[in-house]
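Listed below are the residues making up each chain.
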Amino acid sequence: MTERVTLITGASSGIGLELARIFAAKGHACVLVARRADRLSELAEIIAATGAKKPIAIACDLAAEGAIARLAEDVAALGFEVEYLVNNAGFGLAGAALTLDRAQQLEMIDLNVRALTDLTLRFADSIIRHRGGILNVASIAAFLPGPGMAVYYATKAFVLSYTEAMRAELRKSGVRVTALCPGPVPTEFQSRAGFVPGMDSKLLTVSAADVARAGYEGLMANRQVVLPGFAVRAIPFLLRFVPRAWALAAVANVQQRRR
């Protein structure tokens with residue numbers, strides 16, 4: 001007999017941590033994945049102390065060669081089948097693409113794009129079998145190019161496009177597929193990306209807990225895209241009326257002020 005689980009990547013902090021909390025609180029058996037084993041173990045204990053089922057913690061660097069294959073083997077060896085997949089792991093880097101470290105930018109593509117795609121394809125059969133769901137964490141950055149964070153914005157555009165396409169392909173299978181597109185969220189992401197939040201971030205900011213709650217509810221309601229917060233929801237609508245060149249200039253100006 002196999003046990004159905006929710007697999008959450010990037011679960012050691014920020015939005016991923018809050019997603020782990022809410023899925024566990026809603027009765028899901030969770031497998032938490034991130035690089036930092038100590039953070040995962042601590043989170044598993046905190047969740048168990050609430051009375052929810054204690055999650056299984058698997059330390060894994062998803063960007064490393066062969067890591068996802070080993071993760072899939074570990075999940076199978078534990079007797080688990082993935083019912084819900086939450087692709088949250090990812091990071092960004094602020095700065096002009098030609099000045100940022102090339103290896104780190106390629107690692108960003110590996111994690112934000114390749115790992116998400118690999119995990120989705122590997123676990124699709126069990127997700128379909130259990131009529132579960134896929135929650136991909138994108139960003140409001142998915143809706144426009146991002147001079148000053150060019151590779152990050154591009155990876156999130158991929159996540160949104162891929163999510164919408166997979167949703168169409170899986171429509172008749174009963175699988176929920178949702179893209180979560182938050183604005184700036186006060187987490188470790190910002191310090192790792194290397195920018196200081198400005199007034200634009202304050203206007204768009206929603207807490208990690210609120211973002212996670214919106215993502216969970218959106219997935220369960222089978223919504224295509226979840227945009228947490230009124231200001232964030234307004235951006236895709238307003239972009240329809242703004243010339244592309246203006247949007248590019250505005251993003252470049254915002255990113256320049258952040259550094």
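Residues numbered from 1 in each chain as written. Predicted model: local features only at pLDDT ≥ 70, side-chain atom pairs only at ≥ 80, totals over all residues. Heavy atoms only, no water.

- An unreviewed UniProt entry lists the chain under the name SDR family oxidoreductase, from Afipia carboxydohydrogena.

Some words on the overall build of the chain
Logical step 1: Check the secondary structure of the chain and you find 10 helices and 7 strands.
Logical step 2: In terms of overall size, the chain behaves like a compact globule, its C-alpha atoms giving a radius of gyration of 18 Å where 259 residues would be expected to give roughly 18 Å.
Logical step 3: Out of the 259 residues in the chain, the part that is buried amounts to 51%.
Logical step 4: Across the chain, every contact between residues at least 6 apart in sequence was considered, and the portion connecting residues at least 24 apart equals 72%.
Logical step 5: If you sum the accessible surface of the chain, you get close to 12,200 Å²; carbon and sulfur atoms cover 56% of it.
Logical step 6: A distance of 8 Å separates the average location of the 29 positive side-chain charges in the chain from that of its 22 negative side-chain charges. (Helix = DSSP H or I, 4+ residues; strand = E, 2+ residues; numbered from the N terminus. Rg over C-alpha atoms; globule rule 2.2 N^0.38 Å. Buried < 20%, exposed > 50% of the residue type's maximum accessible area, 1.4 Å probe, protein only. Contact = heavy atoms within 4.5 Å. Areas by Shrake-Rupley, 256 points an atom, 1.4 Å probe, with all protein chains shown as cover. Lys, Arg positive; Asp, Glu negative; His and termini not counted. Charge placed at Lys NZ, Arg CZ, Asp CG, Glu CD.)

Looking at the packing of aromatic side chains
Logical step 1: Summed over the entire model, instances satisfying the criterion amount to 4 aromatic pairs.
Logical step 2: Centre to centre, the rings of Phe-23 and Tyr-216 are 4.8 Å apart; their planes meet at 85°, and the pair counts as edge-to-face. Here Phe-23 is found in helix α1 (residues 14–25), whereas its partner Tyr-216 is found in helix α8 (residues 208–220), with 193 residues between them in sequence. The same class applies to Phe-23 as to Tyr-216, namely buried.
Logical step 3: Ring plane angle 70° and centroid distance 5.2 Å describe the contact between Phe-237 and Phe-241, whose orientation is recorded as edge-to-face. (Phe/Tyr/Trp six-rings, centres within 6.5 Å; stacked < 30°, edge-to-face > 60°.)

Some thoughts on the packing of helix α3 (residues 67–77) against helix α4 (residues 102–129)
Logical step 1: Running from amino to carboxyl end, α3 crosses α4 at an angle of 35°, the nearest separation of the two axes being 10 Å. Our pair here, α3 against α4, has a crossing hand that is right-handed. Only Arg-114, Ala-115, Asp-118, Leu-119, Arg-122 and Phe-123 of α4 make contact with α3, whose side of the interface consists of Ile-68, Ala-69, Leu-71 and Ala-72.
Logical step 2: Considered class by class, the residues forming the contact of α3 with α4 number 7 nonpolar, no polar and 3 charged. (Axes fitted to C-alpha atoms, helices over the stretch in contact; angles between N-to-C directions. Left-handed = near helix turned anticlockwise from the far one by under 90°. Nonpolar A, V, L, I, M, F, W, Y, C, P; charged D, E, K, R; others polar.)

Some words on the sheet that holds strand β2 (residues 30–34)
Logical step 1: Spatial strand order, β3-β2-β1-β4-β5-β6-β7: 7 strands in an open sheet with parallel pairing. The open sheet has two edge strands, β3 (56–59) and β7 (225–226), and neither has a second partner.
Logical step 2: Relative to β2, strand β1 (residues 3–9) runs parallel, the two being bridged by 4 bridges. Paired with Thr-9 across the bridge in β2 is Val-33.
Logical step 3: The strands that helix α5 (residues 150–169) touches are β5 (133–137), β6 (176–180) and β7; relative to β6, the one it contacts most, it runs at about 160°. (Pairing = 2+ DSSP bridges.)

So, α3
Since there are 3.6 residues in each turn of an α-helix, residues three or four apart along the chain are aligned in direction.
Logical step 1: Those residues of α3 not exposed but buried are Ala-67, Ile-68, Leu-71, Ala-72 and Val-75. Angularly, the buried residues of α3 cover 135° about the axis, an arc narrow enough to put them on a single face. For α3, the exposed residues lying more than 90 degrees away from the buried face are Glu-73, Ala-76 and Ala-77.
Logical step 2: Tucked inside the fold, the buried residues of α3 contact β1, β2, β3, β4 (80–87) and α4.
Logical step 3: Trailing α3 by a residue or two, Gly-79 shows a phi angle of about 80°, which is positive. (Arc of directions from axis to C-beta.)

Here's the deal with the pairing of β1
Logical step 1: Of all the 7 residues making up β1, 5 are buried; the element is thus mostly covered by neighbouring parts of the structure.
Logical step 2: Direction of pairing for β1 relative to β4: parallel, over a ladder of 6 bridges. Paired with Val-5 across the two strands is Val-82, which belongs to β4.
Logical step 3: On the question of chirality, the crossover connecting β1 to the parallel β2 by way of α1 is right-handed. (Right-handed = clockwise from strand over helix to strand, strands pointing away.)

Considering α1
Logical step 1: Between its first and last C-alpha, α1 extends 17 Å over 12 residues, near the 16 Å set by a 1.5 Å rise per residue.
Logical step 2: Within the span of α1, buried status applies to Ile-15, Gly-16, Leu-17, Leu-19, Ala-20, Ile-22, Phe-23 and Ala-24.
Logical step 3: For α1, the secondary structure elements touched by its buried residues are β1, β2, α2 (37–49), β4, β5 and α8.
Logical step 4: Just past α1, the residue Gly-27 takes up positive phi, approximately 95°. (Expected span 1.5 Å × (residues − 1).)

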